[in-house]
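Listed below, chain by chain, are the residues.
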Amino acid sequence: MRLTDIFFNNSALFKSKNLITVCFDFQTGIIKLTTEANGKHVEEERPCLLNSYSDEFYKALVADILNFAKNNGINKIRVNVVFPETAVVTDCVEVPVIAGKNIKNTLEISLCGLYKNRKDLFIKSFCAFKNKNSNTYFVSGIKAERVMKLKAACAAAKIGVNTCVVSSEATIRAFRDLRKDSKKGYIFADVKKNSTKLIFVYNGNAVCGATIPFGVSLLESENVVNVNDVIRHTAAETAVLKAYINALSNEIAYDNGLDENSDKEELYYDKAAKKIRRKQAESLVAATADEQDVFATNLKTFAEWIYRYIDDNEKIVSLINPSFIYVNVDKEYEFIIDKLNENYKESISFCSAQLNNLDEKIVSDLSCYGGSLFNNDNGFNVF
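Below is a short write-up of the structure. These numbers were taken from a predicted model, which means no experiment stands behind them. (Residues numbered from 1 in each chain as written. Predicted model: local features only at pLDDT ≥ 70, side-chain atom pairs only at ≥ 80, totals over all residues. Heavy atoms only, no water.)

1. Examining the pairing of strand β4 (residues 78-83)
For clarity, the threshold we go by: Note on classification: 1.4 Å probe, protein chains only; a residue is buried when its accessible area is under 20% of the maximum for its type, exposed when over 50%, partly exposed between these limits. For helices the rule is a DSSP run of H or I covering at least 4 residues; for strands it is a run of E covering at least 2, with both sets numbered from the N terminus onward. Pairing between strands is defined by DSSP: at least two bridges between the two strands are required.
Among the six residues in β4, five count as buried, and that is most of the element. As judged from the five bridges shared by strand β1 (residues 19-25) and β4, these two strands associate in the parallel manner. Each residue of the ladder has a partner; that of V22, found in β4, is V81. Bridge count between β4 and strand β8 (residues 160-166): six bridges; the pairing is parallel. What sits directly across from V81, in β8, is C164.

This is the structure:
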């Protein structure tokens, strides 16, 4: 089966009595567990007290799973585990076509050159584009020990691990299951209270994903929101940055005036240049005391942060050629879609994901619902 053909159109697995879907996120500090028990959907949130992939974290996670299973009368436990986007590194790799050489071997050589710890990574890839001289692959990699520690801890507790999947991939699986959209390339924006998850999609696979720290609360504000009051270089962001430094080859470099000790700086990794750069400290929108239209200004901030992320991923955008940004937002805020299209005449249009007429429990957490749809898959972003 080709990766682009992987598609489940029914939700039988979601209704399995023995399956527990586990989603965790170090940034929000929440572990969410869901299942179908006694004919009804059950979900529970627990605090994620540890913020690293340590033995102690997995021990605590297993304890949460066992407790949740006991409370819901589940004996033979199977789990689908949804890892956060920060657990993986994504990239696109152009591989030359060499006569007499197996393209998979050539890809592996390229990956070994790109990732200095290649042997320590589980990597999934798929060929998105082919031409006479080269093939372009989308790549997703996770440290193998993160998956192996999970499976070992679960095995010791007689818990079967069905699937490990990345949050962005689970979100898109849910969208495809609910909307059944077959467009080749698009961007999906999942707008929540205080954040928006942006996912680049090609052939049904989440090839790149990130979360920006703005959601509907920005649009509800009675005052113009200064970006600098919202954005802080958190420990989680530092961990992601260091993951890139550890995973990538020693070709990586620092921008002028920066070095490996610049922990207090607002930094990000520029994939195209293979450089650690300093984030701009200024707000994208000047917040002045005489602002008359607070909503319009905050909406502009919201839009420009979305377009900034798109611009930062210029190479991926050029490859997937998205025509739409599908927006999943509470029905009362869907009016912002028209406002965005009216005010920001970009080449990529915003449109509704059209999910608001569906079960609120599903739509409110697409990654958890989507995580339940996987059944021993071997696709992209599945480990």
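2. Here we look at the sheet that holds strand β6 (residues 121-130)
In any sheet, the strands associate via hydrogen bonds between backbone groups, in a parallel or an antiparallel arrangement. Stated formally: The convention used is that axes are lines fitted to C-alpha atoms, helices contributing only their stretch in contact, and that angles between N-to-C directions extend from 0 to 180 degrees.
Sheet architecture is open: three strands sit in the order β5-β7-β6, paired in antiparallel fashion. The strands lining the two open edges of the sheet, one partner per strand, are β5 (88-96) and β6. Across this sheet, the average inter-strand angle for adjacent strands is 25 degrees, counted without regard to direction. Pairing of β6 with strand β7 (residues 134-143) involves nine bridges; the strand directions are antiparallel.

3. Quick look at unusual backbone geometry
Residue N321 is not a glycine yet carries a positive backbone phi of 50 degrees. Residue placement: N321 occurs in the loop between α9 (314-320) and β15 (324-328). The phi angle at N381 is positive, at roughly 65 degrees, despite the residue not being glycine. For N381, the location among the structural elements is in the segment after α12 (366-371). When its relative accessible area of 1% is taken as the criterion, N381 is described as buried.

4. So, the packing of aromatic side chains
Applied cut-off: Classification of ring pairs rests on two measures: the distance between centres of Phe, Tyr or Trp rings, Trp counted by its six-membered ring, which must be within 6.5 Å, and the angle between planes, read as stacked under 30 degrees, edge-to-face over 60 and tilted in between.
All chains considered together, the criterion is met by 22 aromatic pairs. The interplanar angle of 85 degrees and the centroid separation of 5.2 Å between the aromatic rings of Y186 and Y326 together place this pair among those described as edge-to-face. Of this pair, Y186 sits in strand β9 (residues 185-191) while Y326 is found in strand β15, placing the two residues 140 residues apart along the sequence. We note that Y186, like Y326, is buried. Ring pairs connect the aromatic residues F24, F26, Y53, F57, Y58 and F83, which therefore count as one cluster.

5. Looking at the side chain of K124
Put simply, the rule reads: Contacts described as polar in this section are N or O atom pairs within 3.5 Å, which, within protein, must combine one atom able to donate a hydrogen with one able to accept it, while residues neighboring in sequence count only if both atoms come from side chains. Pairs of residues are marked as contacts when any of their non-hydrogen atoms sit within 4.5 Å.
Following the sequence through the fold, K124 ends up in strand β6. The class for K124 is buried, based on a relative accessible area of 18%. Of note is the side chain of K124, whose polar atom sits 2.4 Å from the backbone oxygen of V382. Setting aside residues no more than four positions away along its own chain, K124 makes contact with F138, V139, S140, N378, G379, F380, N381, V382 and F383.

6. Here's the deal with the sheet that holds strand β16 (residues 349-352)
Read across the open sheet, the five strands follow the order β11-β10-β9-β15-β16; overall the sheet is mixed. For this open sheet the edge positions go to β11 (205-212) and β16, each flanked by a neighbour on one side alone. Taken pair by pair, the neighbouring strands of this sheet meet at an average axis angle of 25 degrees, ignoring direction. The sheet contact formed by β15 and β16 spans four bridges and is parallel. Across the sheet, I325 pairs through a bridge with F350, a residue of β16. Against the sheet, helix α10 (residues 335-343) contacts β15 and β16, and its axis sits at roughly 165 degrees relative to β16.

7. Concerning helix α2 (residues 103-114)
Quick reminder: α-helices carry 3.6 residues per turn. Residues three or four places apart thus point the same way. Quick reminder of the rule: Residue count minus one, scaled by 1.5 Å, sets the expected span of a helix. The directions considered for the arc are those from the helix axis to the C-beta atoms.
In this model α2 runs 16 Å from its N-terminal to its C-terminal C-alpha over twelve residues, within 8% of the 16 Å that 1.5 Å per residue would give. Within the sequence span of α2, burial applies to T106, L107, L111 and L114. Looking straight down α2, one finds its buried side chains confined to an arc of 140 degrees; they lie on one side. Among the residues of α2, the N-terminal cap falls to N102, whose side-chain oxygen and the backbone nitrogen of K104 are separated by 2.7 Å.

8. Some words on the pattern of salt bridges
To be explicit about the condition: The term salt bridge refers to a pairing of a side-chain nitrogen on Lys or Arg with a carboxyl oxygen on Asp or Glu at a separation within 4 Å.
As enumerated under the stated definition, the model contains eleven salt bridges in all. Residue R46 pairs with D64 through a salt bridge whose shortest N-O separation is 3.3 Å. Of the two residues, R46 sits in strand β3 (residues 40-47) while D64 sits in helix α1 (residues 55-71), which places them 18 residues apart along the sequence. Owing to a relative accessible area of 12%, R46 belongs among the buried residues under this scheme. Residue class for D64 comes out buried when judged on its relative accessible area of 15%. Via salt bridges that share partners, K32, E43 and D365 belong to a single interconnected network.

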